[in-house]
Amino acid sequence: MSQIFKPSTNTLARVSMFGAIFFLAILAWVLVTLNRSSLATRQGIVLQQPVPFSHDHHVAGLGISCLYCHTTVEESSFAGIPPSATCMNCHKLIWNESPMLEPVRESYRTGRPIEWTRVHDLPDFVYFDHSIHVAKGIGCASCHGRVDQMPLMYQAESLQMEWCLECHRAPEMFIRPRTEIYNMEWVSTDQETEGARLIADYRVQSKLSCSVCHR
Amino acid sequence: MSKAATKPEFALMAEFRSSRELLHAIEQSQAAGYTQLEAYTPYPIEEVWEALGQHKSKLPLIVLIGGIVGAFTGYLLQYWVSVINYPVNVGGRPLHSWVSFIPVTFETTILFAAGAAVLGMFALNRLPMPYHPVFNVPRFALASRDRYFLAIGSWDPKYDRRATEEFLLGLDPFEVNEVAS
Amino acid sequence: MTAPGKPPIVAPGHTPGSVTDQISSIVLTRMPRWWWAAFGASFALVMMLLYALTKLVFEGTGIWGLNIPVGWGFAIINFVWWIGIGHAGTLISAILLLLRQEWRTSINRFAEAMTLFAVACAGLFPLIHVGRPWLAYWLLPYPNTMDIWPQFRSPLVWDVFAVTTYATVSLLFWYVGLVPDLATLRDRARQRLAKITYGFLSMGWRGSATHWHNYETAYLLLAGLATPLVVSVHTVVSFDFAVGQLPGWHATIFPPYFVAGAIFAGFAMVITLAVPLRTLFDLKDFITIRHLQNMGKVMLATGLIVAYGYVIEIFMAWYSGNWFEEFMILNRIQGPYRMQWYALLLCNVLAPQLLWIKRVRSTPALLFVVAMFVNVGMWLERFVIVVTSLHRDFLPSSWGMYAGTRWDWAIFVGSIGLFLALLFLFIRFLPMISIFEMRTIVPKTQAREPDEVSP
Amino acid sequence: MVEVTVDDRSLELPVWILPGHADGSMTIHLGYGRTRTGRVGSGSGFDAYRLRTSRAPWHVAGARIRKIAKHYELASTQLHSNIGLAPGPNEEPGFGVEGVEAERRHLVRVGTLEHFRQEPDFAQHMGHTPPEGLSMYPPWDFPGYAWGLSIDLGACTGCNACVVACQSENNIPIVGKEMVAMGREMHWIRIDRYFEGELEHPHVHHQPVMCMHCEQAPCEVVCPVGATVHSSEGLNDMVYNRCVGTRYCSNNCPYKVRRFNFFKYNDTETPVLELLRNPDVTVRTRGVMEKCTYCVQRINHARIEAEKEERQIRDGEIQTACQQVCPTEAIVFGDVNDPESKVSDAKAKPLAYDILAELGTRPRTSYLAKLRNPNSTLEES
C-alpha cells in the first residue's frame, strides 16, 4: 500500500476530536441556557394587551393599592382580575373620551369582559394559592417584581420549579412583615435575623412535599 | 530501494519473513549500538516489545485512576441528590440508602475505567495518526498480513544512511527500504 | 496445541497470510445474492417495527395487551430476552480471554457484534415501554429546571446505568478489537472510498511494538473490566424483579440464575448464527466442530444451572412456608398459563439434555435445533416470570389475564428484524472473525513451520 | 343469551348466574340500552322498559325464558368469589381459585357477636401483623398531621356511592366496556365482593379498597423518576406531571389500586366538558399512573384555611369524597396523630385490622371486621 492520507490529516484528526468535545460542551451549555431563557419562560417579555394598562402609572404615579383591583388575593387562590366597572370608577370621569380606553368602555357597555393576555401562567398541574402566601408574609414584589416600575406588564421571574423551590427551601430569605406585603419598595435591613423571627411568628411551614403544589 | 531522496529520509526499514528473524535482527541491531528501533508485526508478540525494552505500560495506572474517579462520581452524585439537594421520604427508606446506591456506583466505576483504558491506549499510542512516514513504503501493507519489519530511525546517533543499510542487509532480510519522511 | 482426539481450532494448512486473505476477502468482495435477499427481508421487518412504533407513540401503550394487574408484558420480556442474548458476546471475548481459552478467537468478533446488536434491540424496549416515551430521558441525571433527579433506589435507574455502561463498554471493546483489523482492511482495500473509510476508522494503526504493547494491556484490562460488568448487568436486570415484592419475582436466586440463563441464551444465539454463517461463507476452517462442541458444553452447563434455578424456586416456595409463594408456584403448574410453563421446561430443561451426547454436540444441524429450542425457551422463561407472577398476585379480586396483541408481536418480530439487519450490515462491512487474533493463533495450532510464507 | 317473554312482549338478554339468587326468578336492571348517552354510554346494555308496564312497575310474574343461540360478552371488573367454600367436584368453573385464595389470605374478616364476646380481637389474630418497629429502616417521623382512614366492613352495604363520588370528585374518566373487559377500568376505589357459604344462600361481604397510603410503600421505592413519594403528612403522593409511565409501581403494589392511562381517556378537546370537571384536580393525560390521593385537594384546602386562621385543622373538617357520600358512614378519615380523632378511635378498636399487613407495608387505611349476630335457629333452618 501507499500513503492514503496527507500529513495534514493528523492535525485534522486531532482537531476534530477536540472539536467534537468542544462542540458537545457548547451544545450542553446552549441547551441549559435555552431552557432557562425567556424563550422558554417568557420572563421579561411584554405581551400584547387589548389596552396598554400601565401599572407604573397607576401604582407608582397615582398610589393605588394592589388590593383596589386584585381584590381576592387575601381570600382566594386567585388574586382576581378587576371587572371593567372597576376601571370605570375613575375613567367615567377622567380620560373618558380617550380612544385608547375604548375597549374598556365597550366592555362596560356590553358586559363582555376584556380578554387580557395572561402574563403569569403556571402549568395546569400546578396549584398555586395566593391567599396562603400573602397570609404567611410573602409580598407581591417577591414573585411579580417591581410592578410599580412596569409601564407594561411582564413576567419578572422564571416561574420554573427550581425558582419556586428556592423560596420554599429557605423562606426566611424572602419573608416580610405582613404590613409590608403590598409595599413594592420594601427592603429588609436584616433579612436573616428578621426572616427567622417571622418564620416562627407566622408558623411558616414552607412545604416541600409534592402534593402541596401538584395534585 | 529508492535512490533519489530529496528530503532526508525518516528511517530505514528491513522486512523479514518470520518473527524469529525479526527477533534476531533486533538483538543484532542492539548489539551494534542502535537505540532508535521500532518493530512492526502482524500480531502482538511479547518477545518483540520486551526485546525493545518495553516492560511496563502506564495504562494500568490510568485505568485505576479512571475507576476511582468513576466510583466517587457515582456515589457522590447519588448522595448529593438523595440527601442534600432534595431529600424526600421514598417508601419509608432512609435518605442515605447506601445499599441501593451500590449498583450505580459499580457501573460508573466500570464506565470510567473502561473509558480511561481506551482513551489511554490511544493517547499512549499517539493515535489517531492517519499519516505516518512508514506508510510510504508500499510493501509495508504486508505488516498487516504476514511480514515483520524493523525500522531504524534516522535520528539514531549511530545512524548513517549507507552503513546502516549495509548493516540491515547483513541481517538476511527479504528487502531493505528507505522510509521517506 | 491440539489435544489428541479433539478436533482442531483451525483447520490444518493455514498460515497467517491465508487467514488474512480469506477473512478480509469476505468484506472486500461483492456479497452473494442471498445476502441481498436476506438483508432485504430483515429490512422489511425493520420498516414494520418503525410502523408499529409510530402507532405506539401516537396512540398509546394501550395498543398492547397490558392491563392492571399485568403492567409489564412483551416489552419487558423482550428486553430481558435480548439483553440475555447479548451476554454471550462479552462472555466469549472477555471471560474466555481471561481464562486463556484460545478457541474463543474465531467466534469472539461476531459474538461481540451480536452483543451490540442485541443490546441495541434490548435498549429499545425500556424506552418504548413507558407510557410517555418522549420523557424517558428523565431517568438520566442531568441538571434541570425542576431541580428533580432520578430516584436512585429504583432498579430501573440501575438498569439505565447498567445497560448504558454495558452498551458503551461493549462498543469500546469491540472497536478496540477491530482497530488492527480495520488497518488490515485499509491495507487490502482497492477502492479509494474503502481505503479512506477504513483508514480513518483504524486511526493510523501501524502494528508497531509500542502499539501492540499498550494495545494488549488495554485489551486485557478491558476484558478484566467487562467480566464483572457482564455479571453485573444481568444481575441488575434480575433486580428489576427481585427488588419487587411480588411472589415469583422476589427471590434471592434471581441474580445467579439470570446470569446463567443469559449465558445459556447467548450461546444458543451464537450457535444459531454460527452454524449458518460458517456454511454460507465457507468458514468451516475457522469455526470448527471443536467450537461447536465447546459451545454445546457451555450451554449444557449453564442450562443445568438454569434448571437448578427452577428447582430452587419450587423448593423455596415450599420451604419458606409463605403461602403467597406457594400459590404462585401452584398457579404456574396448574393455572391458566401452565402450557407456557411446560413448554419452557421442554425447551430449557429437556432439550439441552441432548447435549450430553457427543454426536449431538458434533452435528451442526442438531446443535442448531437444540439452540432454537433454547431461544424459544428463554423467551418463555421471561414470559412465565413476568406474566404468570403478575396476573395472580396478592388480592384475588384484582386478578386478570394477559395476551399480546398483534402490535406486541409486530414489535417483537420487528426487533428480530432489526437485529438481523444490523448483523447483515456487519458481515458486509466488517470482518466477522478477528483477523489479527487468528494470525496469532495460527502459528500455535499448525504443526508445520508457520513462518514460511507463500510468495 | 336468553329470550325473556312477558305476555306478548319479548326481549333478548344476556344472563349472569349469581349465587344466592332465588330459584325460578330473575332480576333485570332498568336504565340501560339508551340511545343518547354520549361517547361511552350509547347503546350499552338492553332496554328493559319494553317488559315493564304501568300495571306492574316493579315486579312481573309469569315471564317465560328461553335459551337462544346468541352470544354476548359481559365485562366485569372482578369475578365473584365464594370464600369459605372449597370448590366441589360439581362446581361451575370460575367459582374456585379466587374464592379459596381470598379466604386463605384473610382479606375480609367476619365474626359473630358470640365469637366477639369470647375473643374481642379475633380479627387481629387472623393475619400476621409485624410488630411496630420491626424494620431494618429507621422510622420516619410525621410531626403535625398524619392522615389515615378506616372502613367499617360491618357498615358497608356495597352501594357503590363512594365509587361514583370519587369518580366525580377526582375527574376519573369513563373508559367503556372494551377497556373494562381488558382490565383497564380507572376507578380509584373499588368494592371487592365476596360470597361466603353455600351457593344457594350465601352471605355477601363488601370491602371497599383504595390506596392504602402505606408508610413503607412498595410502589415508591421502585419509581425511577420519583413520581410517587411520601408527603410530610404521610400521604402517598402521585405526581402526574413527573410520571413517565413505567407501571412498575402498579406491579409492585400488593393492593392493585393504581390505575394507568393506557390511552388518552379524558376528552380535553370538547370545550363544554371543561365544566364537568373538578378544577382542583389535575386532568390526567395518557401514559401516566393515577390512584387515590385521600382527596388531597380537600386536605390542602382545609390546611390553607386553617393556617390563615392560625389554628389546627379540626377533626371532621376534611371529608374525603367517598366518606362524604357513604350512607352508612362506614368510612372515617382524619389525623391519626390526634388521639381524640374519630379515625384514631376507629383504629384503636379491637376489630381494627390491616389487609396484607404481613408484607410490612404499614398501611394507613385499615378496616373494622364485620360482626354478625345471627339467630341460631334461623341460621340452621
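Rules used in this analysis
Residues numbered from 1 in each chain as written. Chains lettered and ligands numbered in written order. Predicted model: local features only at pLDDT ≥ 70, side-chain atom pairs only at ≥ 80, totals over all residues. Heavy atoms only, no water. Helix = DSSP H or I, 4+ residues; strand = E, 2+ residues; numbered from the N terminus. Rg over C-alpha atoms; globule rule 2.2 N^0.38 Å. Buried < 20%, exposed > 50% of the residue type's maximum accessible area, 1.4 Å probe, protein only. Contact = heavy atoms within 4.5 Å. Areas by Shrake-Rupley, 256 points an atom, 1.4 Å probe, with all protein chains shown as cover. Lys, Arg positive; Asp, Glu negative; His and termini not counted. Charge placed at Lys NZ, Arg CZ, Asp CG, Glu CD. Pairing = 2+ DSSP bridges. Axes fitted to C-alpha atoms, helices over the stretch in contact; angles between N-to-C directions. Buried area = accessible area lost by both parts, 1.4 Å probe. Salt bridge = Lys/Arg side-chain N within 4 Å of Asp/Glu carboxyl O. Core = buried A, V, L, I, M, F, W, Y, C linked by side-chain atoms within 4.5 Å. Left-handed = near helix turned anticlockwise from the far one by under 90°. Nonpolar A, V, L, I, M, F, W, Y, C, P; charged D, E, K, R; others polar. Expected span 1.5 Å × (residues − 1). Domains from an automatic or database assignment.

A. Broad picture of the overall build of chain B. Looking only at helices and strands, chain B features 5 helices and 4 strands. Taken from N to C terminus, the helices and strands of chain B fall in the order β-α-β-α-α-α-β-α-β. Here chain B has a C-alpha radius of gyration of 25 Å; the compact-globule value for 181 residues is 16 Å, and the former is much larger. Across its three principal directions, the C-alpha atoms of chain B cover 80 × 35 × 30 Å. Here chain B, with 181 residues, has 54% of them falling under the buried criterion. Intrachain contacts of chain B at a sequence separation of at least 6 include 81% that bridge at least 24 residues. For chain B, the accessible area works out to roughly 8,100 Å², and carbon and sulfur atoms hold 62% of it. For chain B, the separation between the mean place of its 14 positive charges and that of its 17 negative charges on side chains is 5 Å.

B. Quick peek at the sheet that holds strand β1 (residues 2–6) of chain D. Residues and elements named next belong to chain D. Spatially, 3 strands are ordered β2-β1-β3 in an open sheet, and the strand pairing comes out antiparallel. The open sheet has two edge strands, β2 (9–13) and β3 (64–67), and neither has a second partner. Here the strands of the sheet are splayed against their neighbours by 20° on average, with no regard to which way each runs. Bridge count for β1 against β3 is 4 bridges, and the pairing is antiparallel. Residue pairing in the sheet places V2 in a bridge with K67 of β3.

C. Quick peek at the pairing of strand β1 (residues 11–16) of chain B. All names here are of chain B. Judged by how many residues are buried, β1 sits mostly within the fold: 6 of 6 residues are covered. The alternating pattern of β1 places A11, M13 and E15 and L12, A14 and F16 on opposite faces, both of which are buried. With 5 bridges connecting them, β1 and strand β4 (residues 175–179) associate as antiparallel partners. Note on β4: the bridge partner recorded for M13 is N177. Pairing analysis gives 6 bridges linking β1 to strand β3 (residues 148–153), with the strands arranged antiparallel. Following the sheet pairing, F16 is matched in β3 by Y148.

D. Representation of the interface of chain D and chain C within the structure. Contacts between the two partners involve 53 residues from chain D, matched on the other side by 53 residues from chain C. Of the roughly 4,300 Å² buried between chain D and chain C on both sides combined, carbon and sulfur atoms contribute 57%. It is R105, Y248 and R286 of chain D that lose the most area in chain D upon contact with chain C, and together they represent 16% of the buried surface on that side. Remark: the boundary between chain D and chain C carries 1 salt bridge. Put simply, K256 of chain D and D393 of chain C hold a salt bridge, and the shortest N to O gap is 2.7 Å.

E. Region of the structure containing the nonpolar core. Counting residues in each nonpolar core, the largest one holds 273 residues, and the members touching the most others are F110, F241 and M432 of chain C. Apart from residues lying up to four places away in sequence, F110 of chain C is in contact with V270, L273, A274, L277, I287, F426 and M432 of chain C. Grouped together as the second largest cluster of nonpolar side chains are 14 residues, L47, V134, M153 and M184 of chain A included.

F. Structural context of the environment of V90 of chain B. Along the chain, V90 of chain B falls in the loop between α3 (59–85) and α4 (98–124). Taking relative accessible area as the criterion, V90 of chain B reaches 2% and is therefore assigned buried. In this structure, the C-alpha to C-alpha distance between V90 of chain B and L168 of chain B, residues 78 residues apart in sequence, is 74 Å. In this structure V90 of chain B touches Q151 and R153 of chain C together with E220, V221 and V229 of chain D, once residues within four positions along its chain are discounted.

G. Main features of the sheet that holds strand β2 (residues 37–40) of chain B. All names here are of chain B. With antiparallel pairing, 4 strands are arranged side by side in an open sheet as β2-β3-β1-β4. The two strands at the open ends of the sheet, each matched to only one other strand, are β2 and β4. Recorded for the sheet is a direction-independent mean angle of 20° between the axes of neighbouring strands. Packing against the sheet, helix α5 (residues 161–169) makes contact with β1, β3 and β4, and its axis sits at approximately 10° to β1.

H. Up close: the packing of helix α8 (residues 254–280) of chain C against helix α13 (residues 364–391) of chain C. Residue and element names in this part refer to chain C. In the contact formed by α8 and α13, the axes pass within 8 Å of each other and the chain directions differ by 145°. Relative to α13, the crossing made by α8 is left-handed. A class-by-class count of the residues in the contact of α8 with α13 yields 18 nonpolar, 3 polar and 2 charged.

I. α8 of chain C, seen in detail. All names here are of chain C. In a regular helix each residue adds 1.5 Å, so 27 residues correspond to 39 Å; α8 covers 39 Å between its end C-alpha atoms and thus fits that length. The buried count for α8 comes to 23 of 27 residues, which makes it a mostly enclosed element. Looking at the residues trailing α8, positive phi occurs at D282, about 55°.

J. Up close: the domain arrangement of chain A. Domain parsing of chain A yields domain 1 (8–36), domain 2 (55–81 + 118–213) and domain 3 (82–115). With centres defined by C-alpha atoms, the gap from domain 1 of chain A to domain 3 of chain A works out at 56 Å.

K. Seen up close, the pattern of salt bridges. Residues and elements named next belong to chain C. Evaluation of the coordinates by the stated rule reveals 41 salt bridges over all chains. A salt bridge links R186 to D187; the shortest N-O distance between them is 3.0 Å. Each member of the pair, R186 together with D187, is buried.

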